[in-house]
Amino acid sequence: MHAVSSRRPHRGPIRALAAVLGLALAIVLAACTPSSPQSTEKPLRALAVGATLEPASMDPWHNTAASIPQVLLYNVYETLVKVDTNGEIKPLLAQAWEVSADRRVYTFHLNPAAKFASGAPVDAAAVVANITRLKGDTRLTETLRAQLAVVAGAQASGNNQVQITLLRPSTMWLYDMSSTLGMMLDPSATGDLNTTSAGSGPYAVKAHNQGQSVVLAANTAYWGNPPRFDEVTFRYFTDPNAMNAAMLGGDLDVISNLQAPDALSQFADTTQFTTISGTTNGEVVLGVNHDNKALAKLEVRQALTRAIDRRALLDTVWNGQGTLIGSMAVPTDPWYEDLSATNAYDPDAAKALLKEAGYSSGLSLRLRVPVVPYAVKSAQFVASQLRDVGVKVTIEELDFTRWLDEVFTKGDYDMTIVAHVEARDLGKFANPKYYWHYGDEKFAALYDAADQAPTEEQADAGMKAAVRYLADDAAAIWLFALPNLVITKATISGVAQNATTLSFDLTTITSR
Amino acid sequence: MQLALRLARRAGVFLVSLLGASLLIFLVTNALPGDVAQVLLGTDATPEALAELRAQLGLDQPLAVRYLQWLGGLIVGDFGSSHLNGQPVLGLLAPRLAVTLWLVLFGVLGSLLIAVPAGMVAALKRRSWPGFTISAAAQVGMAIPVFWGGIMLVLVFAVWLHWLPANGYVPLLRDPAQWASHLVLPALTLAGVQAAVLIRYVRSAFLEVLNEDYYRTARAIGWTPMRALLRHGMRNAAISLVTVLGLQVSSVLVGAIVVESVFTLPGLGTLLITAVGQRDLLVVQGTVMFLVLAVLLISALVDLSYLLIDPRQRTAGGAR
């Protein structure tokens, strides 16, 4: 062998290639051995949370993506009041508050201990500065602009006391203040809010690794109960299977919301995992376009509702996880009642109603749905059940942004399925320009009266009546409310059972 | 002289392809329904607000104007900025590129490591069981979709054995051991699928060598088949191997995109998928343009590499 190689000088390149390949193999093999945990002086208390949609920015005021408040609300930015796991309004930055007799003036008593991560106090001046900033912001998202429209102004009535005046009474306003609208930003903040944060919460944005994660670090100077983790990482997965695999492989501590309920059985081992099943604000709505001649008829909408066995649908497409609601309210809403028996499943009655409306010989409808798991699966089920009562359904699946353009904005559809995840969002039905083109004046009057009711009890009763009206009028078909399915390692506790807000609230979570 | 002419012609083809690709990419991305203004402003946006934002972002200008602006930027190396968060596209691409490059590099190296020895054995032992086994395995490998192969590896090595992380990425400079452990499964997935394709080419390239006079001569002077193949066969087989590798580059990149989403690696592929979903057109255009550039560059390099591998091509009149 050696004699031959000396005669062959141009063997060099091949030998070099072999060396490179060998080295690569060595690296791969070395990496295959499980790395032993590195012993550092002080163990880092870390929490890894799996989530689905990655936020494009860390600025919730100029970007509507719900994935931003999921990370920031209550964890990084705090609000005067917060909504707890049962849907009740609780103190946060404000220790207490009073509402004037005409329900137009709210007086908040701020916690004197509250301060921003910079050390500056969250005082009356800071709250007024926040309201003024939002009022003057021309690039504010349309959602926040609409929520803010009811606010006349804010003024300090003491160092830690602030009065906010509304143009008219509004039941929804205080709820809105518990969400993005109420997030208090440090008035002295100068950093780029796309990538940094300046809040008063127990955590601060440390890094956004685009394409994979957002890392929060503990705010060591937090004014309330000290944060229980040094670092919290939200890791994003476009593929639910990848998230499940990461959880099963031990790389995640929490799955913030399981995307496919049929994966639940993978986490059945209670010595390793805890499954939390609660409710969300997400109503899966089979929306109908009221501009369609047939769908404008009450009998047709009632017939469609009666043709769909929603219990069977929930069992089939969502593994029985979730709640049957029957109208635009979820169990954590103060005015919720189970209306799933309104227009209950009865295919014979459905056929009779269709006949009455003049569609006994058949009706053709286009069901255009965004490509999201619950919509695609529900669409198949709905189409098959409607076929049974003589309605021909053509399903079209659209990528979400296309759905937003063609169905949501341009109204080019007969029926669609999408989850409405905003909290207390029945007011959407009062807007005739909204993609359902509902525009029922009686409903709008009921809703406005409830929102502006003089007392809280009257407001809740009014909302209840409005919700019932929607169900009776079959304004849409409410398939079910999405469940809040959280998987944690068995060592994690304190995760809120119900997702009543957009926040994934870290403040209650502990690890042992 | 001939060589210079050949290089000049190659450069010309390169530029024209690039220009054509840019036009195609621009037209296709702009034909997508829905736009970034809607993604940014959300479901409550009024038509006026949408129109205003579109004007701010320059999305209301005629297609031709926008194309020329984009092309003008590309020529001076300015890929524009993301509509979603204002970050420069090149700044978004650079860290993603590093991830994809590692994946492609280890994927290709791994596929060669598997395919070359396996292909040689398959050629030499083509009439006995090792040859049959390798050929059959290659057929099966080609039939396996990349994502399925990836999921199976995750199931075995991450979920059952807990040897390796299921997915995710750690940059090399932060923690080299973690970096390597996160790349093993994705690289193996990509390598396995590519190797299955390559084995057939390696096998037939070496089969050709077996019929050559020089091989018979080498055998006649007493060399073992393997030694003769390594000494004389390798360089000859390398020419067709490099051609196939060059053709495979685009499929390796496509494979990398799939592998990235299975393993949630923050590479060019996942950037592209996210950007398409959000209609962040400049990011989509920039990323695809970059991939096209990479494919064209590599195929140019493959052409040039013939000159290195095959001395006959360096002499006058040796153009293929």
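For clarity, every value in this text was computed on a predicted model and none was experimentally measured.

Describe the nonpolar core, and please don't skip the residues or the numbers.
Among the nonpolar cores identified, the biggest contains 143 residues, and W173(A) and L426(A) are the most heavily contacted of them. With residues near it in sequence (within four places) discarded, W173(A) still touches Y106(A), F108(A), Q147(A), V150(A), V151(A), I164(A), L166(A) and L181(A). If you look at the next biggest cluster of nonpolar residues, it comprises 67 residues, including M247(A), L183(B), V252(B) and L268(B).

Run through the packing of helix 9 (residues 310-317) of chain A against helix 11 (residues 373-388) of chain A, naming residues and quoting values.
All names here are of chain A. In the contact formed by helix 9 and helix 11, the axes pass within 10 Å of each other and the chain directions differ by 140°. Between helix 9 and helix 11, the angle is such that the two are oblique. As for how helix 9 packs across helix 11, the hand of that crossing is right-handed. In contact with A312, L313, T316 and V317 of helix 9, helix 11 contributes K377, S378, F381 and V382. For the contact of helix 9 with helix 11, the residue count by class is five nonpolar, two polar and one charged.

Give a description of a nonpolar patch on the surface that names residues and reports values.
On the surface, L155(B), V156(B), W160(B), L161(B) and W163(B) cluster together into a nonpolar patch covering about 490 Å² of accessible area. Take V156(B): it is sitting in helix 7 (residues 146-160).

Any chance you could break down the environment of S261(B) for me, citing the residues and the numbers?
The residue S261(B) is located in helix 10 (residues 225-262) in this model. In this structure, the C-alpha to C-alpha distance between S261(B) and F147(B), residues 114 residues apart in sequence, is 8.6 Å. Apart from the residues within four sequence positions on either side, S261(B) is in contact with D239(A), T270(B) and I273(B).

Describe in detail empty space enclosed by the protein, supporting the description with residues and values.
According to the stated counting rule, one finds four cavities of 30 Å³ or more in the structure shown. In this structure, the largest cavity spans a volume of roughly 210 Å³. Surrounding the largest cavity, 17 residues form its lining, A56(A), Q210(A), L271(B), T274(B) and Q278(B) being those nearest its centre. Taken together, the elements giving at least two residues each to the lining of the largest cavity come down to helix 5 (89-124) and helix 11 (268-278) of chain B. It is helix 11 of chain B that contributes the most residues to the lining of the largest cavity, four residues altogether.

I'd like to hear about the pairing of strand 13 (residues 363-370) of chain A, residue by residue, with values.
Residues and elements named next belong to chain A. Counting buried positions along strand 13 gives six out of eight residues, so the element sits mostly inside the fold. Bridge count between strand 13 and strand 14 (residues 391-398): eight bridges; the pairing is parallel. Note on strand 14: the bridge partner recorded for P370 is L398.

Talk me through the side chain of D137(A); I want residue IDs and the actual numbers.
All names here are of chain A. Tracing the backbone through its elements, the reader meets D137 in the loop between helix 4 (124-136) and helix 5 (142-148). Notably, D137 is buried but unbridged: the nearest opposite-charge side chain belongs to R133, and the N-O separation is 5.2 Å. There is a polar contact of 2.8 Å between the side chain of D137 and the backbone nitrogen of R139. Here the side chain of D137 touches L140 through a polar contact of 3.4 Å, landing on its backbone nitrogen. Dropping the residues within four chain positions of it, D137 is found in contact with H62 and R145.

Quick rundown of unusual backbone geometry? Include the residues and the values.
A positive phi angle is found at Y74(A), which is not glycine, with a value near 70°. Mapping Y74(A) onto the fold places it in the loop between helix 3 (67-72) and strand 2 (81-83).

Conventions we followed
- Residues numbered from 1 in each chain as written.
- Chains lettered and ligands numbered in written order.
- Predicted model: local features only at pLDDT ≥ 70, side-chain atom pairs only at ≥ 80, totals over all residues.
- Heavy atoms only, no water.
- Core = buried A, V, L, I, M, F, W, Y, C linked by side-chain atoms within 4.5 Å.
- Buried < 20%, exposed > 50% of the residue type's maximum accessible area, 1.4 Å probe, protein only.
- Contact = heavy atoms within 4.5 Å.
- Axes fitted to C-alpha atoms, helices over the stretch in contact; angles between N-to-C directions.
- Helix = DSSP H or I, 4+ residues; strand = E, 2+ residues; numbered from the N terminus.
- Parallel < 35°, antiparallel > 145°, perpendicular 65-115°, else oblique.
- Left-handed = near helix turned anticlockwise from the far one by under 90°.
- Nonpolar A, V, L, I, M, F, W, Y, C, P; charged D, E, K, R; others polar.
- Patch = residues over 30% accessible without salt bridge, like charges linked within 9 Å, V, L, I, M, F, W, Y side chains within 5 Å.
- Areas by Shrake-Rupley, 256 points an atom, 1.4 Å probe, with all protein chains shown as cover.
- Salt bridge = Lys/Arg side-chain N within 4 Å of Asp/Glu carboxyl O.
- 1 Å grid on protein atoms, 1.4 Å probe; cavity = no way out; pocket = protein on both sides within 12 Å on 5 of 7 lines; lining within 4 Å.
- Points joined across faces, edges and corners; volume = space filled by probe spheres on them.
- Pairing = 2+ DSSP bridges.
- Lys, Arg positive; Asp, Glu negative; His and termini not counted.
- Polar contact = N/O pair within 3.5 Å; in protein donor to acceptor, adjacent residues only side chain to side chain.

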